[in-house]
Amino acid sequence: MSWINDIGPLGDVVLSSRIRLARNLADIPFPQAMDKIDRDSVIHGVYRSIAGSDSPIGEEFQFLSMKDLSHVDRQILVEKHLASPDLMKYHERSAILVNWQEECSIMINEEDHIRLQCILPGYQLKRGLDYLDNIDDIIEAQLPYAFDPNLGYLTSCPTNLGTGMRASIMLHLPILATTGQMKAMLQTLAKIGVTVRGLYGEGSEVMGDIYQISNQITLGASEEEIISNLEIVTKQIVQKEKQARQLALAGSRIHLEDEIWRAYGTMLHARCMDFNEFMELLSTLRLGVETGIMTKIDIKTINRLMIMGQPGHLRKYGDKTIGDLDIIRAEVISKLLRSTELEN
Amino acid sequence: MLCQRCKKNPATVHMTKIINNMKTEIHLCGECAREREDVSWFSPFSINDLLASFLATTGSTVTADNRPIVKCDRCGMDFDKFKKKGRFGCENCYQVFKEEIYPIIRRVQGGAYGHTGKKPKRENKRLEANKEIEELKQRLEEAVRQEAFEEAAKLRDYIRELERKEGQEG
């Protein structure tokens, strides 16, 4: 199930669940300190451990060398959240394995030798962890990991020690964001070791009312404990957002409807749209679908719009004779909306 | 230029951000900028920034000029370089800079100490083997004390065998 094309548990607020495990191979310097021979041997070793495994998983993955991809194709991997911005930044040394469902990727030579990642639609961290656990075992059977009984899996940065696990939930919180309840909530979350970030994770800012919450601490708690903590927090936030939505609907349904249909109209007819405006309108439209007000499109279309409206995708699939991305964006969005509307 | 948000008042707050190679401009009036608290309050936060701020408050002992600079014998990393980058060069760095890094780990990991999560399967096997060897050694001592030399010799050979295997696999 890809998070773009499917809807998962708590799907009216939770876009996706992501698990990432950081691993390094024993006796080889971490990526930033290793030479070319080590780089290539890590890439080959990880590739062989997956492609050559007895498990059927081996056949699910496609191998891509970041160096051999065009800039636009690298960007597309990042926009689909399969690769991290750092993997793109270090493309000279990095590679990636992606499964055909596009829910799991194995990044090689990013900050650590191996970054296993699984993204699923809606709330399903546990399933993501189980999936990665299996891949982790397959790799480990071939390649010994750097591990310390006290510090756990040894990572390039001490903030990933222990489990090496970062679990994140992507949430759409348009009403909480506008009613000013966000700040207090974010401060409370910080106190209990949950960090909040934007769409692209580490260091990115919030756009289109999409918030990413994740565990700050990776050492001292087990994977299951970390996940169950996040589950409690997620369910509370989801409940709060839903209550706020009900209040908003009860208070001024007509104004909310107006806003949503106006967003739809603008998306259909605009000729030029910058990314910021696009993300704001998309948030309104997403709220429309989530609350059942907008019936012309579904969540799948919203997610496809979100992916298609980004620069790499626009450059790859949009009109190549136009230079201005904002013009291409308006055209691509309008076309996509029209085509999905006809399907309904 | 009018505020992007309320589209009524003139925009007085202008921000340009580059995220993911993408430039976005935000123009808001003062009122909307204040209202949209995430604009100012939610400046990009990263866990690495947190690490950097912890690093900045420690390590006066390692930057003293008269102290020889300790380098990791495997990757050549020194602690000043680590403080700048926030990244180690290899697993051995955690041993070399143990004294400096352990207090920092405790702080960035919320006081936690001691890994309780998943362990590599090899590690489990190794721990079990170590435990078995320890137990056998105790039995060996006991056998020697009781002057049961025949059994002691058997135990000694068995321990050697286990340790040899362990050395090969490790």
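A quick note: this is a predicted structure, and the numbers were derived from the prediction, not measured.

Rules behind the numbers
- Residues numbered from 1 in each chain as written.
- Chains lettered and ligands numbered in written order.
- Predicted model: local features only at pLDDT ≥ 70, side-chain atom pairs only at ≥ 80, totals over all residues.
- Heavy atoms only, no water.
- Helix = DSSP H or I, 4+ residues; strand = E, 2+ residues; numbered from the N terminus.
- Core = buried A, V, L, I, M, F, W, Y, C linked by side-chain atoms within 4.5 Å.
- Buried < 20%, exposed > 50% of the residue type's maximum accessible area, 1.4 Å probe, protein only.
- Domains from an automatic or database assignment.
- Contact = heavy atoms within 4.5 Å.
- Salt bridge = Lys/Arg side-chain N within 4 Å of Asp/Glu carboxyl O.
- Pairing = 2+ DSSP bridges.
- Polar contact = N/O pair within 3.5 Å; in protein donor to acceptor, adjacent residues only side chain to side chain.
- Nonpolar A, V, L, I, M, F, W, Y, C, P; charged D, E, K, R; others polar.
- Axes fitted to C-alpha atoms, helices over the stretch in contact; angles between N-to-C directions.
- Parallel < 35°, antiparallel > 145°, perpendicular 65-115°, else oblique.
- Left-handed = near helix turned anticlockwise from the far one by under 90°.
- Buried area = accessible area lost by both parts, 1.4 Å probe.

The next subject is unusual backbone geometry. At A:Asn109, a residue that is not glycine, the phi angle is positive and equals roughly 60 degrees. Note on placement: A:Asn109 falls in the loop between strand S4 (104–108) and strand S5 (114–121). Here the phi dihedral of B:Glu147 falls at roughly 60 degrees; this positive angle occurs in a residue that is not glycine. Structurally, the position occupied by B:Glu147 is in the loop between helix H8 (121–145) and helix H9 (149–169).

Now for the nonpolar core. Soluble globular proteins tend to bury their nonpolar side chains together. Membership of the largest hydrophobic core comes to 95 residues, with the highest contact counts inside it found for A:Ile106, A:Ile135 and A:Ile213. Among the elements that line this core, the one with the most residues is helix H7 (residues 223–269) of chain A, at 14 residues. Two domains each donate at least three residues to this core, and these are domain 1 (1–162) and domain 2 (252–343) of chain A. The residues touching A:Ile106, leaving out its near neighbours within four places in the chain, are A:Val46, A:Ile50, A:Phe61, A:Ala95, A:Ile96, A:Leu97, A:Ile114, A:Arg115, A:Leu116 and A:Ile135. Among the nonpolar cores identified, the runner-up in size contains 22 residues, and B:Leu51, B:Cys72, B:Met77 and B:Val108 belong to it.

Before going further, it helps to examine the pattern of salt bridges. Residue and element names in this part refer to chain A. This model, assessed by the stated rule, comprises 27 salt bridges over all chains. Residue Lys242 is joined to Asp12 by a salt bridge in which the shortest nitrogen-to-oxygen separation is 3.3 Å. With a gap of 230 residues between them, Lys242 in helix H7 and Asp12 in the segment before strand S1 (14–23) connect regions that are remote in the sequence. The exposure class assigned to Asp12 is partly exposed, which follows from its relative accessible area of 26%.

The side chains of a regular strand alternate, first on one face of the sheet and then on the other. All names here are of chain A. Counting buried residues in S4 gives five out of five residues, a clear majority hidden from the surface. Every second residue of S4 is oriented toward a common face, with Cys104, Ile106 and Ile108 on one face and Ser105 and Met107 on the other, all of them buried. Bridge count between strand S3 (residues 95–99) and S4: four bridges; the pairing is antiparallel. Across the sheet, the residue bridging to Val98 is Ser105, located in S4. Of the pairings in the sheet, the one linking S4 to S5 comprises five bridges and is antiparallel in character. The partner of Met107 across the bridge, within S5, is Arg115. Between S4 and S5, which follow one another and run antiparallel, lie five residues, and Asn109 among them has a positive phi close to 60 degrees.

Here we take up the interface of chain A and chain B. Contacts between the two partners involve 74 residues from chain A, matched on the other side by 52 residues from chain B. For the pair chain A and chain B, the interface holds six salt bridges. We note a salt bridge from B:Lys121 to A:Asp137, for which the minimum N-O separation is 3.0 Å. Here chain A is connected to chain B by 22 residue pairs in polar contact (both at pLDDT 80 or more). No other element matches the six residues that helix H4 (residues 125–142) of chain A contributes to the side of chain A that touches chain B. The class makeup of the residues in the side of chain A that touches chain B is 33 nonpolar, 24 polar and 17 charged.

Moving on: the side chain of A:Arg166. With respect to the element layout, A:Arg166 can be found in strand S8 (residues 165–172). Side chain to side chain, A:Arg166 and A:Asn160 meet in a polar contact 2.7 Å long.

The subject of this paragraph is helix H7 (residues 98–108) of chain B. Along H7(B), the residues classified as buried are B:Glu100, B:Ile101, B:Tyr102, B:Ile104, B:Ile105 and B:Val108. Of the residues flanking the end of H7(B), it is B:Gly110, one or two places downstream, whose phi is positive at about 65 degrees.

Right, let's talk about the packing of H4(A) against H7(A) for a bit. Geometrically, a packed helix pair is captured by the angle between its two axes and the distance between the axes. All names here are of chain A. Contact geometry for H4 and H7: axes closest at 10 Å, N-to-C directions at 155 degrees. The orientation of H4 with respect to H7, classified from their angle, is roughly antiparallel. Regarding H4 and H7, the two cross each other, and that crossing is right-handed. For the pair H4 and H7, the contacting residues are Leu125, Lys126 and Leu129 in the first and Glu223, Glu224, Ile227 and Leu230 in the second.

Moving on: the domain arrangement of chain A. Residues and elements named next belong to chain A. The assigned domain composition of chain A is domain 1 (1–162) and domain 2 (252–343). One C-alpha centre belongs to domain 1, the other to domain 2, and the line joining them spans 31 Å. Taken together, the contact between domain 1 and domain 2 spans 14 residues of the former and 15 residues of the latter. For the pair domain 1 and domain 2, the summed buried area comes to about 1,200 Å², and 63% of that belongs to carbon and sulfur atoms. The largest contributions to the domain 1 side of the interface with domain 2 come from Ile4, Leu15 and Glu79, which together make up 38% of the buried area. The residue Lys316 makes a salt bridge to Asp73 at a minimum N-O spacing of 2.8 Å. If you look at where domain 1 meets domain 2, you find five residue pairs in polar contact (both at pLDDT 80 or more).

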